[in-house]
Amino acid sequence: MDLLSREKPLFSLMGNPTDLGQALLFMESTSIPQKRQKAHWQGRVFMLQGKLHDAVSSLSMTIMLYGAHMGLRADLASCYDQLSMPHLLDKALLQIKNEYELHKKTMHPVNQVRTTLQVGKLLQKAGHLDFAAVLYRDNLSTLEKDIDSPKWILEYSDLFGEVLEQIYNFGSHYGYYEEAQRAFDLTTIAQNENLIPKRKS
């Protein structure tokens, strides 16, 4: 049974605001991180369904009830971007920056890469290039450090290759040439070590 199937009872309750109390009772026996994860999934389902206003309400309620998380804030920022709400997007990106500074040293590399892929594009679009560069440099440092013990890189090779391509394109387009060169060099190493597939010419 996949994750969405397991969460359907919660989703059906959370989808109806009048049943919020029942939904909270459903999650009563789990930990705060588990509650946050379940409620976050509801917000993501709304996003996948194109119900962006419902997603904003759900994600905001999740943060209020269970606390913030980088992935939660990134999804909320994505909704604001798609709904053309630039002031709320800027506020969300600032909150992401503060969260990132607090937790970046304890983030798993996979979560760091996923956050960078999602948030980096939003930062570029909103003109926050310096913070985007910080995210990209931190990713490069993590990947350069882990390249000699690449278990997680092999498991997530698509993410690994995608973030390197995004960093290279960012650096080349916006004049962050050192970051672009580091991404190019690391891509070459990873391809030669068969950690990521070589691009077809």
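Cut-offs used in this document
Residues numbered from 1 in each chain as written. Predicted model: local features only at pLDDT ≥ 70, side-chain atom pairs only at ≥ 80, totals over all residues. Heavy atoms only, no water. Axes fitted to C-alpha atoms, helices over the stretch in contact; angles between N-to-C directions. Helix = DSSP H or I, 4+ residues; strand = E, 2+ residues; numbered from the N terminus. Parallel < 35°, antiparallel > 145°, perpendicular 65-115°, else oblique. Left-handed = near helix turned anticlockwise from the far one by under 90°. Contact = heavy atoms within 4.5 Å. Nonpolar A, V, L, I, M, F, W, Y, C, P; charged D, E, K, R; others polar. Buried < 20%, exposed > 50% of the residue type's maximum accessible area, 1.4 Å probe, protein only. Polar contact = N/O pair within 3.5 Å; in protein donor to acceptor, adjacent residues only side chain to side chain. Phe/Tyr/Trp six-rings, centres within 6.5 Å; stacked < 30°, edge-to-face > 60°. Lys NZ or Arg CZ within 6 Å of the ring centre and 35° of its normal.

**Q** Go over the packing of helix H4 (residues 52-66) against helix H5 (residues 70-82), please, and point to the residues and values.
**A** Any two packed helices are characterised by the angle at which their axes cross and by the distance between the axes. Between H4 and H5, whose axes approach to 10 Å, the crossing angle comes to 150°. On the basis of their axis angle, the class for H4 and H5 is roughly antiparallel. In this structure, the crossing between H4 and H5 has a hand that is left-handed. Seen from H4, the contacting residues are Leu52, Ala55, Val56, Leu59, Ser60, Thr62 and Ile63; seen from H5, they are Leu72, Arg73, Asp75, Leu76, Cys79, Tyr80 and Gln82. Its residues assigned to classes, the contact of H4 with H5 comprises 9 nonpolar, 3 polar and 2 charged.

**Q** Break down the side chain of Thr116 for me, citing the residues and quoting the values.
**A** The residue Thr116 is located in helix H7 (residues 109-126) in this model. Residue classification places Thr116 among the buried positions, given a relative accessible area of 0%. Reaching out from Thr116, the side chain makes a polar contact with the backbone oxygen of Gln112 at a distance of 2.9 Å. Leaving out residues up to four positions away in the same chain, Thr116 has contacts with Lys121, Leu135, Tyr136, Asn139, Val163 and Gln166.

**Q** Let's hear about the environment of Ala132: which residues, and what values?
**A** With respect to the helices and strands, the residue Ala132 is situated in helix H8 (residues 129-146). Using a relative accessible area of 0% as the deciding quantity, one classes Ala132 as buried.

**Q** Break down the packing of aromatic side chains for me, with residues and values.
**A** Inspection of every chain in the model, using the stated rule, returns 5 aromatic pairs. Between Phe170 and Tyr174, the aromatic rings sit 5.4 Å apart at their centres with planes inclined by 45°, giving tilted as the arrangement. With a gap of 4 residues between them, Phe170 and Tyr174 both fall in helix H10 (residues 157-174), about one helical turn apart. Relative accessible area serves as the criterion here: at 1%, Phe170 is assigned to the buried category. Overall, Tyr174 belongs to the partly exposed group, its relative accessible area being 33%. Each member of the aromatic cluster is reached from another via a ring pair, and the members are Tyr136, Phe170, Tyr174 and Tyr176. Positioned over the ring face of Phe131 is Lys97, at 5.9 Å from the centre of the ring.

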